[in-house]
Amino acid sequence: MSSTSEAPDASPACDVLVVGGGVIGLVTAWRAAQRGLVTAVVDPAPGGGAARVAAGMLAAVTELHYGERTLLALNLASARRYPEFAAELSDATGLDLGHRRCGTLAVALDADDRAHLRELHAFQLRSGLESEWLTGRECRRLEPMLAPGVRGGLRVDGDHQIDPRRLAAALLAACERAGVAFHRVAAGRLTVDRDRATGVVTADGMALPAGRVVLAAGSLSGRLAGVPEGVLPPVRPVKGQVLRLTMPAGRPPLLTRTVRAVVRGNPLYLVPRESGELVVGATSEELGWDTTVTAGGVYALLRDAHELVPGITELPLTETLAGLRPASPDNAPLLGPTALDGLLLATGHYRNGVLLTPVTGDVMAHVLTTGVLPEEARPFAPERFAAAPAPTPAPAPMEQSA
């Protein structure tokens, strides 16, 4: 592999430079700093990214998809770590993360959805997962505001939730307390010298030399200039529109747990917060870098949510947002060293970025301090895509690492 750019004439200012200040980049930086590594993050707005839009479902069981059993093991490993992880992060910062062990209810609204949910239940049981089949009446007993037409459902008490915005804020605070340096500017290009990544040059021309670089820029990870073509992560953006509604003060919550369904073939979730906020999502759109909130997207989400929980249309609509999920060809993350010495990846988490935050931090800290990828992360090594060409989405600036 030949050099693609000259390194800055300086010794490494830090052991680890993380490109991207979303939850994945921040947890990587925090864990690296805890291991004694001098760590920095480059991102124009750390604490933002896809987590600002995410609902925060910790749904290893109800997110199970056919063909993703290998990913299931990593999701479950991360879900098991969440209570201790959340407690540690809260203790370190004094911040409440909104971690709730309220469980999840996945429901069916018609006969076809019921048959599909029955198949999913059997698949969950074959995979050794805990879920309980409920009749429609039993579903409405748990959640009385569900529509009378609910035909059945799956109760999964082990699928919890967290507030991603609080999580990001806490990780940012934890990094600052751990001594992580922040460069609040976009990364412009990777610097490479003698077949080794040596740092980045920012968009305003500042050189940031580093012993190792971790590319954790979410959907923008494949857009960093200077990364050799064979090493660029095959990550593409998948748009998701999300709504936030609020229960009026003094009224009981519409729901007490996360509720999921498929309505007219569209996956839907409703995530109630203790604050009274209700998150409704999400669309899934392959539209490149577009983050426009559309009337059609808002209408479809409210229409399907009303069919599931009719009372939702009485709530104030307080926010509409669209974000970009970083998707890989197999919907699983890319974790660990690349073929370019000194460059590591922590990206491509797609639907599971918030869920996989604890295990990603542990995996990246381990490989940064030992040089060895943990056994649980080896199926997600970037080398599995070594022969695949990088995608060529429409140009986008490295303005916001996700």
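Residues numbered from 1 in each chain as written. Predicted model: local features only at pLDDT ≥ 70, side-chain atom pairs only at ≥ 80, totals over all residues. Heavy atoms only, no water.

- In the annotation of an unreviewed UniProt entry, the chain is listed under the name glycine oxidase and assigned to Streptomyces griseoviridis.
- In its Catalytic activity (unreviewed entry) section, the UniProt entry covering the chain states "glycine + O2 + H2O = glyoxylate + H2O2 + NH4(+)". (UniProt positions renumbered as here; feature names shortened; annotations may be inferred.)

1. Considering the packing of aromatic side chains
Next, step 1: Taken as a whole and assessed by the stated rule, the structure comprises three aromatic pairs.
Next, step 2: Summarising the aromatic geometry, the rings of Tyr-66 and Phe-123 are spaced 4.6 Å apart at their centres and angled 25° between planes, so their arrangement reads as stacked. Taken together, the residues span a long stretch of sequence, with Tyr-66 in the loop between strand 3 (57-58) and helix 2 (69-93) and Phe-123 in helix 3 (residues 111-126) at a distance of 57 residues.
Next, step 3: Look at Phe-123 and you get buried, because its relative accessible area is 5%.
Next, step 4: Through successive ring pairs, a cluster of aromatic residues spans Trp-30, Tyr-82 and Phe-85. (Phe/Tyr/Trp six-rings, centres within 6.5 Å; stacked < 30°, edge-to-face > 60°. Helix = DSSP H or I, 4+ residues; strand = E, 2+ residues; numbered from the N terminus. Buried < 20%, exposed > 50% of the residue type's maximum accessible area, 1.4 Å probe, protein only.)

2. Notes on the UniProt feature "domain: FAD dependent oxidoreductase" (unreviewed entry) in the chain
Next, step 1: Under the feature "domain: FAD dependent oxidoreductase" (unreviewed entry), the UniProt entry names residues 15-366.
Next, step 2: Helix makes up 28% of residues 15-366 and strand makes up 28%, while its end C-alpha atoms are separated by 14 Å.

3. Topic: the pairing of strand 14 (residues 266-272)
Next, step 1: Burial analysis of strand 14 places five of its seven residues in the buried class, the great majority of the element.
Next, step 2: Pairing between strand 13 (residues 258-263) and strand 14: five bridges, direction antiparallel. If you follow Val-262 over to strand 14, its bridge partner there is Pro-267.
Next, step 3: In textbook terms, the turn of a hairpin is the stretch between consecutive antiparallel strands, and for strand 13 and strand 14 this stretch comprises two residues, one of which, Arg-264, has a positive phi near 55°.
Next, step 4: Relative to strand 15 (residues 277-281), strand 14 runs antiparallel, the two being bridged by four bridges. Its bridge partner lying in strand 15, Tyr-269 is registered against Gly-281. (Pairing = 2+ DSSP bridges.)

4. What about empty space enclosed by the protein?
Next, step 1: In the structure shown here, the tally under the stated rule is two cavities of 30 Å³ or more.
Next, step 2: Space inside the largest cavity adds up to approximately 50 Å³.
Next, step 3: In terms of residue class, the lining of the largest cavity is built from six nonpolar, one polar and two charged.
Next, step 4: There is about 30 Å³ of room inside the second largest cavity.
Next, step 5: Forming the walls of the second largest cavity are Ala-60, Glu-63, Leu-64, His-65, Glu-68, Leu-71, Leu-72 and Asn-75.
Next, step 6: Across the lining of the second largest cavity, the residue classes break down as four nonpolar, two polar and two charged. (1 Å grid on protein atoms, 1.4 Å probe; cavity = no way out; pocket = protein on both sides within 12 Å on 5 of 7 lines; lining within 4 Å. Points joined across faces, edges and corners; volume = space filled by probe spheres on them. Nonpolar A, V, L, I, M, F, W, Y, C, P; charged D, E, K, R; others polar.)

5. Comments concerning the environment of Leu-345
Next, step 1: Topologically, Leu-345 is positioned in strand 18 (residues 343-347).
Next, step 2: On the accessibility criterion, Leu-345 (1% relative accessible area) is buried.
Next, step 3: The spacing of Leu-345 and Val-367 is 22 residues in sequence and 11 Å in space, taken between C-alpha atoms.
Next, step 4: Residue contacts for Leu-345: discarding those within four places in its chain leaves Leu-215, Pro-233, Leu-334, Leu-335, Gly-336, Thr-338, Met-364 and Pro-382. (Contact = heavy atoms within 4.5 Å.)

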